[in-house]
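# Summary of the model geometry
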Amino acid sequence: MATMISPTSVCRLRPGWRLQWEEAQQRHVLLYPEGMVQLNDTAGAILGELDGQSDVEAVIQRLEARYPQAPTGAIALDVQAFLVDASQQGWIQHD
């Protein structure tokens, strides 16, 4: 069953997990007690906007302002799909 994350949901990293820039790899990684997940640029940008206070719509608006060259609606679709996947993977929590 697919996880639903609404535009008004507030997402945050799972407790004990941390987003970090890994200089040696030139990419963001997601650190957790048992290991590390290497992230692509899109995942790093989205997770970097999750502050535990802003809802999904605010995250999308900030990313659209940061990447104005993206096709209309593309960022919203990417964010929504990524957050559903990240939730299913257990990387994030949302309310």
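This section reports on the structure supplied with the text. (Residues numbered from 1 in each chain as written. Predicted model: local features only at pLDDT ≥ 70, side-chain atom pairs only at ≥ 80, totals over all residues. Heavy atoms only, no water.)

Turning to the nonpolar core, a few remarks are in order. By size, the foremost hydrophobic cluster in this structure holds 24 residues, and its most contacted members are Leu 30, Leu 47, Val 79, Phe 82, Leu 83, Trp 91 and Ile 92. If one sorts the elements of this core by residue count, helix H3 (residues 74-89) sits on top with six residues. When sequence neighbours within four positions are dropped, the list of residues in contact with Leu 83 reads Ile 5, Cys 11, Ile 46, Leu 50, Val 56 and Ile 92. (Core = buried A, V, L, I, M, F, W, Y, C linked by side-chain atoms within 4.5 Å. Buried < 20%, exposed > 50% of the residue type's maximum accessible area, 1.4 Å probe, protein only. Helix = DSSP H or I, 4+ residues; strand = E, 2+ residues; numbered from the N terminus. Contact = heavy atoms within 4.5 Å.)

What follows concerns the environment of Val 84. Residue position: Val 84 is located in helix H3. By relative accessible area, Val 84 is classed as buried at 16%. Each residue touching Val 84, except ones within four places of it in the same chain, is listed here: Thr 3 and Ile 5.

Let us look at the packing of aromatic side chains. The geometry of an aromatic ring pair comes down to the distance between the two centres and the angle between the two planes. According to the stated counting rule, one finds two aromatic pairs in the structure shown. Seen in terms of ring centroids, Trp 17 and Tyr 32 are 4.5 Å apart; in terms of plane orientation they differ by 15°. Their pairing is stacked. Residue Trp 17 is found in the loop between strand S1 (11-13) and strand S2 (18-22), and its partner Tyr 32 is found in strand S3 (residues 27-32); the two are separated by 15 residues along the sequence. Plain terms: the ring middles of Phe 82 and Trp 91 are 6.3 Å apart, the flat faces sit at 55° to each other, and that makes the pair tilted. The class for Phe 82 is buried, based on a relative accessible area of 13%. (Phe/Tyr/Trp six-rings, centres within 6.5 Å; stacked < 30°, edge-to-face > 60°.)

With that settled, the discussion passes to the pattern of salt bridges. Counted according to the given criterion, the structure contains three salt bridges. For Arg 62, the salt bridge identified is with Glu 49, shortest N-O distance 2.5 Å. Taken together, the residues span a long stretch of sequence, with Arg 62 in helix H2 (residues 56-66) and Glu 49 in the loop between helix H1 (41-48) and H2 at a distance of 13 residues. The exposure class assigned to Arg 62 is partly exposed, which follows from its relative accessible area of 31%. Owing to a relative accessible area of 14%, Glu 49 belongs among the buried residues under this scheme. A salt bridge links Arg 66 to Glu 49; the shortest N-O distance between them is 3.0 Å. Remark: Glu 49 occurs in the loop between H1 and H2 and Arg 66 occurs in helix H2; sequence separation between them is 17 residues. Arg 66 gets classed as partly exposed once you look at its relative accessible area, which sits at 42%. (Salt bridge = Lys/Arg side-chain N within 4 Å of Asp/Glu carboxyl O.)

These results come straight from atomic positions and should not be treated as a statement about function.
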